[in-house]
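# Structure assessment
Here is how the chains run, residue by residue.
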Amino acid sequence: MNSSHPWLRPYSRFLITIFCVCFLTRCPISALQTDPPILLWTKDLASLGEEFPKTGHREGSLRIFQTGLVFTEKDMLIAYFPYRNTGVLSSRDQSSPDYPYHLRAFFFSGRQGGQTASMDWPALESSHLAILSAAGGRFLVFTGTSLELYSEQHVKIKEYPIERTENETREYRTLSVGPDGETALLIHSLNSPSSNHYHFDLLRTDTLEPVFQSDGNLSTLSFSGDRFTARTGNIVWMHAAKNDPVMIYQAPRTICWEPTFVSLDTYIIAERTRQQCDSFELISIDGRPLLEQRFEGEELSNLTSTVNGGSHGHGSAFAISSQSLRGGHFDTTPTVTRERIRVYDIASRQLIAALDVNPLPKVFFTFTVSPDGSLLAVLTDTTLRVYRLPSLQSH
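Counting restarts for each chain, with residues numbered from 1 along the sequence as it is written. Since the coordinates come from a predicted model, pLDDT governs what is reported: local features require at least 70, and pairs of side-chain atoms require 80 or more to be given and counted, while whole-chain, interface and lining totals use all residues. Excluding hydrogens and water, the side-chain values take into account all heavy atoms of the structure.

## Regarding the state of the cysteines
Basically, it comes down to this: Defined by distance alone, a disulfide is two cysteine sulfur atoms within 2.5 Å. The helix count covers DSSP runs of H or I at least four residues long, the strand count covers runs of E at least two residues long, and both are numbered beginning at the N terminus. Classification of residues uses two cut-offs on accessible area relative to the type maximum, computed with a 1.4 Å probe and protein chains only: under 20% is buried, over 50% is exposed, and between them is partly exposed.
Enumeration over the complete set of coordinates arrives at one disulfide. Residue pairing for cysteine 256: its cysteine sulfur links by disulfide to cysteine 277, the two sulfurs lying 2.0 Å apart. In this structure, the disulfide formed by cysteine 256 and cysteine 277 twists by about 65° around the S-S bond and is classed as right-handed. With cysteine 256 in the loop between strand S17 (246-250) and strand S18 (260-263) and cysteine 277 in strand S20 (residues 276-284), this pair connects stretches of sequence that are 21 residues apart. In terms of burial, cysteine 256 and cysteine 277 fall into one category: buried.

Rendered as structure tokens:
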């Protein structure tokens, strides 16, 4: 410091103190300014097929809320959606006329935007439908009636059979993939007032061979390897395949989402402040808080993270969305005035991009991040947009 200005010395000490406090409290200094994502390409999915749910058209929650996006490890973007089969059946569909719903997928080059293929599968209405990324550029297709593994060339490698039962309309099955893309968790639940029973199948995604199978009363949806998360109130529990749950973290506020892994050794919890779910914490597997963010006046709405990203499945990025709401008093539905997506680098725990969704969705909205953390895909109603994210070095 220049000795001709001794009055600056207390001020400099003040700035150093503020910097140290902010660093020790996990405040991401570089997150205060970010470069905007750059739009690479856009596509109107309604122009690709009459089956795509049109804006403003609601034919049950299946058509709307199970529409999804997923990047594979090989820079392929898949947009998928369920639809009711009312048109001409293909030869494959004619062999299963008892499945009125189908799952349709469009495949795109993630960076160039060209459509490379489309595929279609019969689907079960009473089940979770999804296409999920797996290790090695492969992907999984889950229709409720089967779980199928495909190569990056869209060739079916193997099928994991799912038996149909007499109580199928009262049963529900879900599928999720671990952050390294090497294991998938299939959960089978019985929707009965007198039963809260779940059956778990942990499968290898390269062979669909079971790693282990178990039964329980815990509807676990997030896992890493053979470790599973659950929560009660503001306490996070961890349990391995055959061990009892162990408390690993106690949050300062009520947890409003289930703990969700974003890499092999970190997970996210969303927390409630007063009446809003407006903050989240990034926690290490051993219970150390790594990052805490609060968005005052906003409501967290969705979370997605990379699969197979980073080094050895340690993840590269996650994205979280929040809404600004207006109204909602006296039993009226609040109006969404802003939908914002924020993308964070997991290793540095820095905010690398923020995007306001414009125009706001009328019916549905979803987004996903590419495995290397370089692309953000956003689907708003029928419009698909892909953005290039700024690199961490630009900060």
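## A closer look at the pairing of strand S3 (residues 76-84)
To be explicit about the condition: DSSP-based pairing: two strands are paired if at least 2 bridges between them are found.
Among the nine residues that make up S3, eight are buried, leaving the element largely enclosed by the rest of the structure. Examined bridge by bridge, S3 and strand S4 (residues 101-109) share nine bridges and lie antiparallel to one another. Looking across to S4, one finds that proline 82 is bridged to leucine 103.

## Comments concerning the environment of glycine 68
Where we set the bar: Working rule for contacts: check all heavy atoms of both residues, and any pair within 4.5 Å makes them a contact.
Mapped onto the fold, glycine 68 is located in strand S2 (residues 68-71). Once residues within four sequence positions are removed from consideration, glycine 68 is found in contact with Ile78, Ala79, Tyr80 and Thr366.

## Description of the pairing of strand S8 (residues 146-150)
With respect to burial, S8 is a largely interior element, five of its five residues being buried. As judged from the four bridges shared by strand S7 (residues 139-142) and S8, these two strands associate in the antiparallel manner. Paired with leucine 140 across the two strands is leucine 149, which belongs to S8. Count of turn residues in the S7/S8 antiparallel hairpin: three residues, of which glycine 144 carries a positive phi of about 90°. Strand direction decides the pairing type here: S8 and strand S9 (residues 156-161), joined by five bridges, are antiparallel. Paired with glutamate 148 across the two strands is glutamate 159, which belongs to S9. Taking the residues that link successive antiparallel strands as the turn, the S8-S9 hairpin has five residues, and the phi of histidine 154 there is positive, at about 70°.

## Comments concerning the sheet that holds strand S1 (residues 38-44)
Within a sheet, neighbouring strands are paired by backbone hydrogen bonds and run either parallel or antiparallel to one another. Where we set the bar: The convention used is that axes are lines fitted to C-alpha atoms, helices contributing only their stretch in contact, and that angles between N-to-C directions extend from 0 to 180 degrees.
Sheet architecture is open: four strands sit in the order S1-S28-S27-S26, paired in antiparallel fashion. Each of the sheet's edge strands pairs with one partner strand only, and the pair in question is S1 and strand S26 (365-369). Ignoring which end each strand starts from, the neighbouring axes of this sheet average 15° apart.

## Side note on the environment of leucine 376
Within the element layout of this structure, leucine 376 appears in strand S27 (residues 375-380). On the basis of relative accessibility, which here comes to 1%, the residue leucine 376 falls in the buried class. Residues leucine 376 and alanine 319 lie 57 residues apart in sequence; the distance between their C-alpha atoms is 8.8 Å. Dropping the residues within four chain positions of it, leucine 376 is found in contact with Ile341, Val343, Leu355, Phe367, Thr368, Val369, Arg385, Val386, Tyr387 and Leu389.

## Topic: the pattern of salt bridges
The criterion, for reference: The term salt bridge refers to a side-chain nitrogen of Lys or Arg lying within 4 Å of a carboxyl oxygen of Asp or Glu.
Counted by the stated rule, this structure contains 15 salt bridges. Notably, a salt bridge pairs aspartate 278 with arginine 294, separated by 3.2 Å at the nearest N-O pair. In this pair, aspartate 278 is assigned in strand S20 and arginine 294 in strand S21 (residues 289-294), connecting sequence segments 16 residues apart. Residue class for aspartate 278 comes out buried when judged on its relative accessible area of 1%. The salt bridge involving arginine 340 is made with aspartate 356; its shortest N-O contact spans 2.7 Å. In this pair, arginine 340 sits in strand S24 (residues 335-345) while aspartate 356 sits in strand S25 (residues 350-356), placing the two residues 16 residues apart along the sequence. The class of arginine 340 is partly exposed, set by a relative accessible area of 22%. Under the relative-accessibility criterion, aspartate 356 is labelled partly exposed at 35%.

## Focus on the sheet that holds strand S16 (residues 235-239)
On the basis of which strands lie adjacent, the open sheet formed by four strands has the order S14-S15-S16-S17 and antiparallel pairing. What marks the edges here is a single partner per strand, and that holds for strand S14 (223-224) and S17. The pairing of S16 with S17 spans four bridges and is antiparallel. Note on S17: the bridge partner recorded for isoleucine 235 is glutamine 250.

## Some points on the confidence of the model for the protein chain
The condition is simple: The pLDDT value tells you how sure the predictor is about a given residue, anywhere from 0 up to 100.
For the protein chain, mean pLDDT is 78; residues scoring 70 or higher make up 73% of the total. Here residues 14-32 scores under 50 on pLDDT; set against residues more than four positions off or in separate chains, the count is 16 contacts. Overall, residues 55-65 carries pLDDT values under 50, and its contacts beyond four positions in sequence, including any with other chains, amount to 27 contacts.

## Details of the nonpolar core
Test applied: We call a set of buried residues a nonpolar core when its members are Ala, Val, Leu, Ile, Met, Phe, Trp, Tyr or Cys and they connect through side-chain atoms within 4.5 Å of each other.
Ranked by internal contacts, the top residues of the largest apolar core, which has 33 residues, are Ile131 and Leu140. The set of elements that each furnish at least two residues to this core consists of S3, S4, strand S5 (115-123), strand S6 (130-133), S7, S8, strand S10 (171-177) and strand S11 (183-190). Dropping the residues within four chain positions of it, isoleucine 131 is found in contact with Val70, Ile78, Tyr80, Leu103, Ala105, Trp121, Phe139, Leu140 and Val141.

## Notes on the packing of aromatic side chains
Using the following cut-off: Aromatic contacts are taken between Phe, Tyr and Trp rings whose centres are within 6.5 Å, Trp giving its six-membered ring; a plane angle under 30 degrees counts as stacked, one over 60 as edge-to-face, and the others as tilted.
On inspection of all chains with the given rule, the structure shows 14 aromatic pairs. Residues phenylalanine 212 and phenylalanine 228 carry aromatic rings whose centres are separated by 6.0 Å and whose planes lie at 90° to one another, so their mutual orientation is edge-to-face. Taken together, the residues phenylalanine 212 in strand S13 (residues 210-216) and phenylalanine 228 in strand S15 (residues 227-232) connect sequence positions 16 residues apart. Of the two residues, phenylalanine 212 and phenylalanine 228, neither departs from the other in class, the shared state being buried. An aromatic cluster of three or more residues is present, and its members are Phe107, Trp121, Phe139 and Tyr150.

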